[in-house]
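Okay, here's what each chain looks like letter by letter:
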Amino acid sequence: MQLLDGKKVREERTPVLVERLKALSFVPGFVIIQIGNREDSTAFIAAKKAFAKKLGVKEIHIQLEEKVTGKEIISVIQKYNGDKEVQGIILQLPLPIHIDSDEVIDAILPSKDIDGLTSYNVKRWMNGHENAFMPATTRGIKELLEHYSIDLFGKKVTIVGRSSLVGKPTALMCLNQNATVTICHSKTVGLENETKKADVLIVAIGKPSFIGKTFVSKGQVVIDVGITRLSNGKLSGDVNFEEAKSIVGSLTPVPGGVGQMTVLALFENLVDACYNGKN
Ligand code: NAP
């Protein structure tokens, strides 16, 4: 089994990013807006901050109370939309349920939307515009596959999970790479048949070790996007690594797989934003 090692790929690609940063005439900055104090969000933010520090990028972390209104979040976003020192705005998801996520996300200036989640950017890259931001996890998966020369052209790809953050944009990316894509979700009937028939299986459901040996088939490429912290403090993916590893052809570990690539892709989007004032 080939390990698709996101940590190693990120380490290899980081010097390229550093060179591109050095060639800029300014030090880029970005802001992360966090609502409430979800433990998983705090951990994801810590990973982004650590990589920003390594790259020498300026970072501002804004923490707003759980009960904040959408209007208040939008006014914070607008402040940074107009801040010339800030080239990227990240709104850490998920937001509390009383907030209209779409409305708040769409307040981000598209040229600073390095997570690629505004309607403007989604539509742009959905329609194949090269210079629109691709959501970071999707870009990370794309680059990981490219690194290992896994070509999606003509392949059967099954994606489990249909969130706007991961499942849907990743499905679209695979479609744009000329894969034949099946999208599964919690109401899918016969999930095992759908996952087993895939050449490439991508799982993003947030259910630790859900995809066991009966869901995978010989030689498959399996990309595990899930990250859940277990009660013992360890991180788990959605794929049962121990069961899958003796069957599939290639597999991402958790941690050390897609998560590493997501953070890299986010900063690649930031550097892109600095270079060409996207959109
Ligand atoms: P989400 O918004 O909760 O969506 C989960 C999706 O999984 C939904 O579409 C849901 O179906 C589907 N699902 C849930 N249980 C299922 C089941 N038993 N069978 C089939 N489908 C099922 O989650 P998300 O934001 O996409 O995140 C998913 C996971 O990826 C989480 O563990 C998250 O932490 C992780 N994540 C990792 C990265 C990274 O960089 N590695 C980035 C983002 C997220 P319905 O639509 O029918 O409800």
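What counts and how
- Residues numbered from 1 in each chain as written.
- Predicted model: local features only at pLDDT ≥ 70, side-chain atom pairs only at ≥ 80, totals over all residues.
- Heavy atoms only, no water.
- Pairing = 2+ DSSP bridges.
- Helix = DSSP H or I, 4+ residues; strand = E, 2+ residues; numbered from the N terminus.
- Axes fitted to C-alpha atoms, helices over the stretch in contact; angles between N-to-C directions.
- Near = heavy atom within 4 Å.
- Polar contact = N/O pair within 3.5 Å; in protein donor to acceptor, adjacent residues only side chain to side chain.
- Areas by Shrake-Rupley, 256 points an atom, 1.4 Å probe, with all protein chains shown as cover.
- Nonpolar A, V, L, I, M, F, W, Y, C, P; charged D, E, K, R; others polar.

Trainee: Give a detailed account of the sheet that holds strand 2 (residues 29-35), specifying residues and quantitative values.
Mentor: Within the open sheet, the three strands sit side by side as 3-2-4. Their pairing is parallel. Taken across any chain shown, the strands that pair with only one partner, and hence form the sheet edges, are strand 3 (58-64) and strand 4 (88-91). Neighbouring strand axes in the sheet, compared pairwise and without regard to direction, differ in orientation by 15° on average. In this sheet, strand 4 lies alongside strand 2 in parallel orientation, the contact comprising four bridges. Directly across from I32, in strand 4, lies its bridge partner I90.

Trainee: An account of the sheet that holds strand 5 (residues 156-160) is needed here, citing residue identities and associated values.
Mentor: With respect to topology, six strands assemble into an open sheet ordered 1-11-8-7-5-6, the strand pairing being parallel. For this open sheet the edge positions go to strand 1 (2-3) and strand 6 (180-184), each flanked by a neighbour on one side alone. Note: strand 7 (residues 200-203) against strand 8 (residues 221-224), four bridges, orientation parallel. Pairing of V200 across the sheet is with V221, part of strand 8.

Trainee: Any details on the site of the ligand? Residues and values, ideally.
Mentor: The environment of the ligand is formed by 23 residues, the closest being R162, S163, S186, K207 and T262. Taking H185, its main chain carries an N or O atom lying 3.5 Å from a nitrogen atom of the ligand. G259 places a polar main-chain atom, nitrogen or oxygen, 3.5 Å from a nitrogen atom of the ligand. In isolation the ligand offers 930 Å² of accessible surface; the protein chains occlude 75% of this area. Of the residues forming the shell around the ligand, the biggest block, three residues, is contributed by helix 10 (residues 258-276). For the shell around the ligand, the residue count by class is eleven nonpolar, nine polar and three charged.

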